[in-house]
Amino acid sequence: MTQSFFDFSRLELEETCKDSGIPKMHAQNLFRAAYKDSNPAPWSREGLPKKYAKYCAEKFVGPNLRVVSEHLSQYDHSVKFVIELSDLRQIEMVLMPESKRVTLCVSSQVGCAQACVFCHTGRMGLGRNLDASEIIGQVWLANKWISEHPQWLVETRLPPQQRITNIVFMGMGEPLDNVPAVAKSISIMTDPYGLNLAIRRISVSTAGHLDGLEELVKIHPAVRLAISVHSAIDAERSKIMPINRRWPLAQLIQKLRSLPTQQENGLLIQYTLISGVNDSLLHADKLVEILDGLNVKINIIPLNPVGPSRMKAPETQQLENFRDQIYKSGIRVMVRYSKGQDIAAACGQLVIQSN
Ligand code: SF4
């Protein structure tokens, strides 16, 4: 039976090749060709003895996902891609250029089970988990797209050889509901023979899934974590983020305090500001109170409109008051306006209607 080449970490590939008599050096070269040269069928490259190429061609298939549409933002050059998986389900990913770096926001699930009320993806429910090949495949597709669109690099003032420099697991899904695939994809992203990204350039966002957090940091203790808090008052947080009923704030904060690497590197706290829901000065004070002593930076994200919801972004003055109240406490804080708002690619807006 064939299996996606992109489902193998390098060590697994070396092991599989070894079992079939293929020397480690060839396994490493195959891995390098797949990721560094964006080769969809690395066994077809020159230099691999024919018998090994035949074995690989019978055992492996290339990327098991494809771009079905792309939407370019007129404002900030970000690009939202709709991706079709082999079972015809669809996900989305977003490419975001910034000065000197290109960030890819990847999905980890089709839909999401967490049902945060302000999030479009949450309204889809969970379709299924992505496997590692479908996560790393998004990075592979995006790098290939960049190499085929030199004009995009010119327009974004990035150099011609520029490829993805940063990954954020902030697309569709709760990544920590799918740790095995997420962790393996991170191993491939950081492998020196693969994409060779520094672990500090990879951020995993979570709504506060503590079992998953425990599991992930055992495998990748230095991965960056972005914690979605959105309210520092338990009863209110439970209303907008049902996950809080399972892992309330006290447990979440206690867990964060116990992560030495994260304390060293700093945690990102995400706070979607919703008018009349979590944007008062009292909310700001409560947030400062629960984060006391943690090494954090807070990103305030004004709510992005999602469909017919009555929830609204706060007025500018309210937003500034909230930010300043936190700033006075000494905690690093900034307002982050999501990229790709004109193409429905901003935080909380990713959704596939047909799933
Ligand atoms: S905000 Fe994240 S965890 Fe919550 S429903 Fe949306 S995708 Fe899921």
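Conventions and cut-offs
Residues numbered from 1 in each chain as written. Predicted model: local features only at pLDDT ≥ 70, side-chain atom pairs only at ≥ 80, totals over all residues. Heavy atoms only, no water. Near = heavy atom within 4 Å. Nonpolar A, V, L, I, M, F, W, Y, C, P; charged D, E, K, R; others polar. 1 Å grid on protein atoms, 1.4 Å probe; cavity = no way out; pocket = protein on both sides within 12 Å on 5 of 7 lines; lining within 4 Å. Points joined across faces, edges and corners; volume = space filled by probe spheres on them. Helix = DSSP H or I, 4+ residues; strand = E, 2+ residues; numbered from the N terminus. Pairing = 2+ DSSP bridges. Axes fitted to C-alpha atoms, helices over the stretch in contact; angles between N-to-C directions. Contact = heavy atoms within 4.5 Å. Domains from an automatic or database assignment. Buried area = accessible area lost by both parts, 1.4 Å probe. Salt bridge = Lys/Arg side-chain N within 4 Å of Asp/Glu carboxyl O. Polar contact = N/O pair within 3.5 Å; in protein donor to acceptor, adjacent residues only side chain to side chain.

Requested: an account of the site of the ligand, with residues and values cited.
Around the ligand, the structure places Cys112, Gln114, Ala115, Cys116, Cys119, Gly122, Gly173, Glu174 and Ala207. Of the residues assigned to the shell around the ligand, the class counts are 5 nonpolar, 3 polar and 1 charged.

Quick one: what's the story with the layout of surface pockets, residue by residue and with numbers?
Of the volumes computed, that of the second largest pocket is approximately 200 Å³. Taken together, Tyr35, Lys36, Asp37, Ser38, Val139, Asn143, Ser147, Arg163, Ile164, Gly194, Leu195 and Leu197 make up the lining of the second largest pocket. Ranked by residue count, the leading element in the lining of the second largest pocket is helix H4 (residues 132–148), at 3 residues. Of the residues contributing to the lining of the second largest pocket, the split by class is 5 nonpolar, 4 polar and 3 charged.

Could you give an account of the sheet that holds strand S3 (residues 65–72), with specific residues and numbers?
Reading across the sheet, the 10 strands line up as S3-S4-S5-S6-S9-S10-S11-S12-S13-S14 and stay open at both edges, with mixed pairing between neighbours. Two strands in the sheet have a free side with no partner beyond their single neighbour: S3 and strand S14 (332–335). Going across the sheet, the axis of each strand differs from the next one's by a mean of 20°, ignoring polarity. Across 5 bridges, the pairing between strand S5 (residues 90–98) and strand S6 (residues 101–105) is antiparallel. Residue pairing in the sheet places Val94 in a bridge with Cys105 of S6. Contacts between helix H13 (residues 316–328) and the sheet are confined to strand S12 (267–273), strand S13 (296–302) and S14, with S13 contributing the most and set at about 175° to the helix.

Which residues make up the domain arrangement of the chain, and what values do they have?
For the chain, the assigned domains read domain 1 (3–61) and domain 2 (65–343). Listed per partner, the contact involves 16 residues of domain 1 and 15 residues of domain 2. Contact between domain 1 and domain 2 buries roughly 1,400 Å² in total, counting both sides, with carbon and sulfur atoms accounting for 59%. Ranking the residues of domain 1 by area buried against domain 2 places Phe6, Asp7 and Tyr35 at the top, with a combined share of 37%. Applying the counting criterion to the domain 1 and domain 2 interface returns 2 salt bridges. For the salt bridge of Glu12 with Lys184, the shortest nitrogen-to-oxygen distance reads 2.9 Å. Seen at the junction of domain 1 and domain 2, the total is 7 residue pairs in polar contact (both at pLDDT 80 or more). Only helix H1 (10–19) and helix H2 (24–36) provide two or more residues apiece to the side of domain 1 that touches domain 2.

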